[in-house]
Amino acid sequence: MNSERNERSARRRLQRSSGRAFWLRTVSVAVFDALAILAASTLAANGAWSLVALVAFALVLVNWAYLSPRTSASRWLTPGLVLMAFFVVYPVLYTSYVSVTNWQTGNILTKEQAIEQLGRRSLTTSASGESGPMAVYRDPTTDELALVVVGETVQPFAGVLRSDGDVATVNEAFPVDSSFDITEPPELVGSFELLTRLSLTAEAGRLEEGVIDLPGGSVAEVETLTSFRLVTGGPRYLYDDASDTLTDTQLGLTCVSGEGTFYCDQVPEVEVAGLALSAKDSAISCTSGSCDNVPLFAIDSSAPGWRQVIGPDNYVDLFQNERIGQPFLRVLVWNVAFASGSVLLTFALGLALAILVENESMRGRNVYRSIYIIPY
């Protein structure tokens, strides 16, 4: 008797370790592992380390539950646990984290990303106001555009077109023959070919947004399809990592790092947005036409801020700031009432249906039971 039982047990162990179900389970786990590793590498590249940890947890749990012979009972619970971790536990923890930060419109990026974007802002002012003729060339291999400009103070000069907003890039000049005649430009300048008037029209969009770099730090921007205007250019914002300050070269201000943005002192009041001055919670102070403690977005509305942990400030505002507390209380009461009503109504209706189909004299009980359980 015992020998038969042992033999059946051995056959079952053999099937679990080499049967069709074993290979199907192994292949399925391998596919899951591959997708999880791919997802984790993508998330890691984007700096989403909390999600990487969650994917790693799911990876270990699935392999442990489905590949170990001692955990066969947990295989039924594992999918639910993994889904609960992703769609219940993680959103709750993430929402709790967001609640202690200043995350909002304007404060979405990290500080490094915000500083990088500010560094790309260009400052362009008129220099001498000089204008002059130009010829446009294109490299057929790289599709780059080059401008050859000639003016009263500008000798024949050629430069590769770059985006006006790309202040971090400076394109060096390439030689132009001193006998260059702008009225009858040659067909070739280096590897660049002269564009016809029809071709110029097709490149109008690129020309309007581009500039070329001239000696001495000046740039020439396109005025028309055949003329340029001399301007000076450079980055508007310069960040100093050592002092953690930002200099606004347009207004001549040095702004210090603060909560989610930079704050500037001695800002002319005419430069400060009226909405920021009139805000109830504004910390801006103005005297004699000059304002202190001005956030950068009140000077430049498109300036990005960054997210950071601010502790319980948001919760304090719920009780101290009526503009936040009153709407929040109305939303909270409605959510509690809706959730309570939904649960009670669903429970009452479900209980009534359960009592109804339990009645043995009711015809078609099995059909009704099937109808109820299928959606679940």
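All values reported here derive from a predicted model rather than from experimental measurement.

**Q** Looking at this structure, I do not really get the pattern of salt bridges. What am I missing?
**A** In a structure, side chains of opposite charge can pair up when their charged atoms sit close to one another. Within the structure shown, the criterion is met by 7 salt bridges. For K111, the salt bridge goes to D244, with nearest N and O atoms at 2.9 Å. Here K111 is found in helix α5 (residues 111–119), whereas its partner D244 is found in the loop between β10 (237–240) and β11 (245–248), with 133 residues between them in sequence. Judged by relative accessible area, which is 24%, D244 ranks as partly exposed. D248 is paired through a salt bridge with R236; the nearest N and O atoms lie 3.0 Å apart. Highlighted residues: D248 in strand β11 and R236 in the loop between β9 (227–235) and β10, separated in sequence by 12 residues.

**Q** Would you mind showing me how to read the side chain of S68 here?
**A** Examined against the element boundaries, S68 turns out to sit in the loop between α3 (49–67) and α4 (78–99). Excluding residues that lie within four positions of it along the chain, S68 makes contacts with N63 and R75.

**Q** Is there a simple way to think about the nonpolar core in this case?
**A** When a protein is soluble and globular, its nonpolar side chains tend to lie buried together. Within the largest apolar cluster, 20 residues are counted, with the highest numbers of intra-cluster contacts made by L118, F262, C264, V267, V272, V294 and L296. Among residues more than four places away in sequence, those in contact with C264 are L253, C255, C291, D292, N293, V294, L296 and I299. Grouped together as the second largest cluster of nonpolar side chains are 16 residues, L145, A220, V222 and L230 included.

**Q** Even after reading the chapter, I still don't get the sheet that holds strand β17 (residues 294–295), so can you show me in this structure?
**A** Hydrogen bonds between backbone atoms are what pair the strands of a sheet, whose relative direction is either parallel or antiparallel. The 5 strands lie next to each other as β10-β11-β12-β13-β17, forming an open sheet whose pairing is antiparallel. Two strands bound the open sheet, and with one partner strand each, they are β10 and β17. Relative to strand β12 (residues 253–257), β11 runs antiparallel, the two sharing 4 bridges. When the sheet's bridge partners are listed, L246 is paired in β12 with C255. Contacts between α5 and the sheet are confined to β10, β11, β12 and β13 (262–264), with β10 contributing the most and set at about 140° to the helix.

Here is what the cut-offs are and how they apply
Residues numbered from 1 in each chain as written. Predicted model: local features only at pLDDT ≥ 70, side-chain atom pairs only at ≥ 80, totals over all residues. Heavy atoms only, no water. Salt bridge = Lys/Arg side-chain N within 4 Å of Asp/Glu carboxyl O. Helix = DSSP H or I, 4+ residues; strand = E, 2+ residues; numbered from the N terminus. Buried < 20%, exposed > 50% of the residue type's maximum accessible area, 1.4 Å probe, protein only. Contact = heavy atoms within 4.5 Å. Core = buried A, V, L, I, M, F, W, Y, C linked by side-chain atoms within 4.5 Å. Pairing = 2+ DSSP bridges. Axes fitted to C-alpha atoms, helices over the stretch in contact; angles between N-to-C directions.

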